[in-house]
Amino acid sequence: MWPDRRLIELFKTEFPIVLAPMAGVMDADLVIAAAQGGALGSLPCAMLSAEKACEQVKIIRQRVSAPINMNFFCHRAGDPDAGSQARWKLRLEGYYSEYGVDPAAPVNAVNRAPFDEAMCEVVEELKPEIVSFHFGLPEKSLLRRVKAAGCIVISSATIVKEAVWLEENGADAIIAQGMEAGGHRGMFLTDNIAEQPGTFALVPQVVDAVKVPVIASGGIADGRGIAAAFALGAAGVQIGSAYLRCPESKVSALARVALAQALDDSTVITNVMTGRPARGVPNRLMREVGPISPDAPAFPHAATALAPLKAAAEKQGKLDFTNLWAGQAIRMGREAPAGELTRALAGAALARMKQLAG
Ligand SMILES: Cc1cc2nc3c(=O)[nH]c(=O)nc-3n(C[C@H](O)[C@H](O)[C@H](O)COP(=O)(O)O)c2cc1C
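Conventions adopted
- Residues numbered from 1 in each chain as written.
- Predicted model: local features only at pLDDT ≥ 70, side-chain atom pairs only at ≥ 80, totals over all residues.
- Heavy atoms only, no water.
- Pairing = 2+ DSSP bridges.
- Helix = DSSP H or I, 4+ residues; strand = E, 2+ residues; numbered from the N terminus.
- Salt bridge = Lys/Arg side-chain N within 4 Å of Asp/Glu carboxyl O.
- Buried < 20%, exposed > 50% of the residue type's maximum accessible area, 1.4 Å probe, protein only.
- Near = heavy atom within 4 Å.
- Polar contact = N/O pair within 3.5 Å; in protein donor to acceptor, adjacent residues only side chain to side chain.
- Areas by Shrake-Rupley, 256 points an atom, 1.4 Å probe, with all protein chains shown as cover.
- Nonpolar A, V, L, I, M, F, W, Y, C, P; charged D, E, K, R; others polar.

Undergrad: Would you explain the sheet that holds strand 10 (residues 268–270) in this entry?
TA: Sheet strands pair via backbone hydrogen bonds, and the direction of the pair is either parallel or antiparallel. Judged by pairing direction, the sheet is antiparallel, and its three strands sit side by side in the order 7-11-10 without closing on themselves. Unpaired on one side and paired on the other, strand 7 (183–184) and strand 10 mark the two borders of the sheet.

Undergrad: Is there a simple way to explain the pattern of salt bridges in this structure?
TA: Opposite charge on two side chains lets them pair, provided their charged atoms get close. Taken as a whole, this structure holds 19 salt bridges when the rule is applied. Here D222 makes a salt bridge to R224, at a shortest N to O gap of 2.7 Å. Look at D222 and you get buried, because its relative accessible area is 17%. Here D320 ties to R284 by a salt bridge, and the two come within 3.1 Å at their closest N and O atoms. Taken together, the residues span a long stretch of sequence, with D320 in the loop between helix 13 (302–315) and helix 14 (338–357) and R284 in helix 12 (residues 284–288) at a distance of 36 residues. Here D320 and R284 have matching classes, each one buried. A single network of salt bridges, built from pairs that share partners, joins D27, D29, R63 and K250.

Undergrad: How do you make sense of the site of the ligand when you look at a structure like this?
TA: Contacts to the ligand come from 21 residues, most closely from N71, G219, Q238, G240 and S241. Within the side chain of N71, an N or O atom sits 2.8 Å from a nitrogen atom of the ligand. Residue Q177 places a side-chain N or O atom 3.0 Å away from an oxygen atom belonging to the ligand. When the free accessible area of the ligand is taken as 590 Å², the share hidden by the protein chains comes to 98%. Of all the secondary structure elements, the ones that give two or more residues to the shell around the ligand are strand 3 (68–73) and strand 9 (236–239). Its residues placed into classes, the shell around the ligand shows 10 nonpolar, 11 polar and no charged.

Dropping the structure here:
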């Protein structure tokens, strides 16, 4: 038995395990497989159009009868600043000439749009059981509409102050995202990377500071990690990296090789891929220009100038500019189908807790 059933009851899932939304490397297939295994499946919508998000949810609902979590970014998007774009292109000049890419050719801005009116209409139409946000919460009028549609709202906190803010502003559960986590840091009330706590320190302090259920996230990849999260007071876990090598993810064959070789000390925090800090396995750009560079334009605009380079490099079978987002426990991921992995994670966690209870 799970020692805390609040999340299972809130989400109405078999297990208190959330498959993390992972924009760019997954779609409906991984959501369906994890949901069939008993987890809450999360559909990352940050890089999807409203039409595509709608289509994906419909596919999921045709294939599995389970609650679904639609996930959105909710940063305050500013227009790209011409000066910083020009400086960034200058910094990347050598790569443009090496790959024979014209730096003056127009590039479609990479779509990492914040939750907006169009997406809110999709949510109102589809009424996903859960909506999760990264980088805080959307503006109040949009959030009110999401709640009026009957959706449970969750969001990531990277420090206690963010968790308290999320609870005060309407979150029904809080994802405590420790420093170990793969992908973008959900930070929104701080920009100091050096101060970000790890999962083990963050979870109990968030649990003490809020009343809503806490979902531990970051570096959790097996039954021991899940049992530890419960011991720290969490009511569930959100797991990303451990699912990356499942056959249902959309990680490319080349990236799978890089992820399979990654060790506990293989990931770093970088800002050069998008302009916001995120954890991943270093590619050539991160090694040579980053991992942190003051030249990277603000999120998400650093990615725009990288898009043609990424395409050119990948054509040659190189990951020089490809995101390899992954957390510190990437090594513990398995190649098993996501449903099987979910059941194995839940089973191992329960066995571990039973063993610890003596
Ligand atoms: C490849 C990748 C992409 C991610 N994309 C998103 C995203 O689109 N939205 C989001 O809320 N979190 C995203 N995250 C962060 C996860 O929600 C979560 O915090 C993280 O995966 C937990 O740490 P773990 O990777 O160690 O399990 C991403 C993580 C990874 C590894």
